[in-house]
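Each chain, written out:
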Amino acid sequence: MKATRLVRLGLPPFFAAAAALLYCPPTATAQEMWNYTCSSHSPVWEGRVTAMDCTPSNGAPASGEITQPFQVNGGEVMNCSSGWAHLPDLMGKECGPAPMR
């Protein structure tokens, strides 16, 4: 066999295999951040926020430890990295103002 014929026969499967290795399909869709809409919340003090009369959305838990980032909307929107929910009240830790969009 000529070298050019070997190349012609070998390259398409090689490129197909390389493309298959480089393609990474998305494994999961992005979820919206957990959110609590509250009647009010305290000012941030030492990174903590206490909110009152809250309603959860986007799958946010109504009670127990909160182990992922979430938003508290009680007039001003705050982002918190963790906290505790005992609705209707909740407490967020490592909180700060949400970035403007």
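The notes below deal with the structure included here. No experiment lies behind these values; they were computed from the predicted model shown. (Residues numbered from 1 in each chain as written. Predicted model: local features only at pLDDT ≥ 70, side-chain atom pairs only at ≥ 80, totals over all residues. Heavy atoms only, no water.)

This part covers the overall build of the protein chain. In terms of helices and strands, the protein chain carries one helix and six strands. Along the chain direction, N to C, the helices and strands of the protein chain fall in the order α-β-β-β-β-β-β. Sorting the 101 residues of the protein chain into buried and exposed places 25% on the buried side. For the protein chain, the proportion of contacts with a sequence separation of at least 24, taken over those separated by at least 6, is 46%. As presented, the protein chain carries roughly 7300 Å² of accessible surface, and 62% of it is formed by carbon and sulfur atoms. (Helix = DSSP H or I, 4+ residues; strand = E, 2+ residues; numbered from the N terminus. Buried < 20%, exposed > 50% of the residue type's maximum accessible area, 1.4 Å probe, protein only. Contact = heavy atoms within 4.5 Å. Areas by Shrake-Rupley, 256 points an atom, 1.4 Å probe, with all protein chains shown as cover.)

A word on the environment of Val49. Positionally, Val49 belongs in strand β2 (residues 49-57). The class of Val49 is buried, set by a relative accessible area of 0%. Beyond its immediate sequence surroundings of up to four residues, Val49 is in contact with His41, Ser42, Val44, Met78, Leu90, Met91, Gly92 and Cys95.

What follows is about the packing of aromatic side chains. The geometry of an aromatic ring pair is captured by the separation of the ring centres together with the interplanar angle, meaning the angle of the planes. One pass over the structure, following the stated rule, counts one aromatic pair. With a centroid separation of 5.6 Å and an interplanar angle of 85°, the aromatic rings of Tyr36 and Phe70 are classed as edge-to-face. Placement of Tyr36 in strand β1 (residues 34-41) and of Phe70 in strand β4 (residues 70-74) is noted, with a sequence separation of 34 residues between them. On the basis of relative accessibility, which here comes to 0%, the residue Phe70 falls in the buried class. (Phe/Tyr/Trp six-rings, centres within 6.5 Å; stacked < 30°, edge-to-face > 60°.)

Its place among the elements puts Asn35 in strand β1. In this structure Asn35 touches Thr55, Pro56, Ser57, Asn58, Ala60 and Gln71, once residues within four positions along its chain are discounted.

Once that is clear, we can look at the pairing of strand β6 (residues 89-97). Relative to β6, β2 runs antiparallel, the two sharing three bridges. Its bridge partner lying in β6, Val49 is registered against Gly92. Sheet analysis places strand β5 (residues 76-86) next to β6, joined by eight bridges and oriented antiparallel. From the neighbouring strand, Ser82 faces β6, where its bridge partner is Lys93. (Pairing = 2+ DSSP bridges.)

Glancing now at the state of the cysteines. Should the sulfur atoms of two cysteines be covalently bonded, the bond is a disulfide. Tallying each qualifying case throughout the model produces two disulfides. With its sulfur 2.2 Å from that of its partner, Cys38 forms a disulfide with Cys54. Taking the sign of the torsion about the S-S bond as the criterion, the disulfide between Cys38 and Cys54, at about 110°, is right-handed. Of the two residues, Cys38 sits in strand β1 while Cys54 sits in strand β2, which places them 16 residues apart along the sequence. The exposure classification of Cys38 matches that of Cys54, with both residues buried. Note that Cys80 is cross-linked by a disulfide to Cys95, the S-S spacing being 2.0 Å. Between Cys80 and Cys95, the S-S dihedral sits near 110°, and the bridge is therefore right-handed. (Disulfide = S-S within 2.5 Å.)

That's the geometry; what it means functionally is another story.
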